[in-house]
Amino acid sequence: MPLAPARQSSDRGVLRDIPLPPYVTVEDVQFAVRAVVVHAPRSWSGGTICRNDASPHPCRLHRWGRRVLTLRGLPPAEIDALVERGDPAAAPRPYRPGA
């Protein structure tokens, strides 16, 4: 499996994306929902930052959560709705393509 491209962080050096699980479990989905909600974007005078750790948004955990939820089949609009609701314990609706 090739490594994800490196991302620069101005004061922390080079950080790689968090690896995805080999297959996505229900527990991974719960962690991913928490990651995208807790690490949501926040507008700041210098731009958009992570609400949790003030790193440039999207931070590593937010990106990881989105990738996991995408692998689980959630479309971007559903992921955005989870972030908007702001409930880190929310259970995403099961996604059924074509339904």
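Our subject is the structure that appears above.
Because the structure is predicted, anything quoted here is derived from the model rather than measured.

Draft legend 1. Region of the structure containing the overall build of the protein. Regarding its fold elements, the protein presents three helices and four strands. Element order for the protein, N to C, with α for helix and β for strand: β-β-α-β-β-α-α. Of all 99 residues assigned to the protein, the portion counted as buried reaches 30%. Across the protein, every contact between residues at least 6 apart in sequence was considered, and the portion connecting residues at least 24 apart equals 50%. Working note: accessible area of the protein is about 6700 Å², and carbon and sulfur atoms make up 56% of it.

Draft legend 2. Region of interest: the packing of helix H2 (residues 60-71) against helix H3 (residues 76-85). At a minimum axis separation of 10 Å, H2 and H3 run at an interaxial angle of 130°. By the angle class used here, H2 and H3 are oblique. The handedness of the crossing between H2 and H3 is right-handed. In this structure, H2 contributes His62, Arg66, Leu69 and Thr70 to the contact, and H3 contributes Pro76, Ile79, Asp80, Leu82 and Val83. Tallied by class, residues from the contact of H2 with H3 come to five nonpolar, two polar and two charged.

Reading the values: the criteria
- Residues numbered from 1 in each chain as written.
- Predicted model: local features only at pLDDT ≥ 70, side-chain atom pairs only at ≥ 80, totals over all residues.
- Heavy atoms only, no water.
- Helix = DSSP H or I, 4+ residues; strand = E, 2+ residues; numbered from the N terminus.
- Buried < 20%, exposed > 50% of the residue type's maximum accessible area, 1.4 Å probe, protein only.
- Contact = heavy atoms within 4.5 Å.
- Areas by Shrake-Rupley, 256 points an atom, 1.4 Å probe, with all protein chains shown as cover.
- Axes fitted to C-alpha atoms, helices over the stretch in contact; angles between N-to-C directions.
- Parallel < 35°, antiparallel > 145°, perpendicular 65-115°, else oblique.
- Left-handed = near helix turned anticlockwise from the far one by under 90°.
- Nonpolar A, V, L, I, M, F, W, Y, C, P; charged D, E, K, R; others polar.

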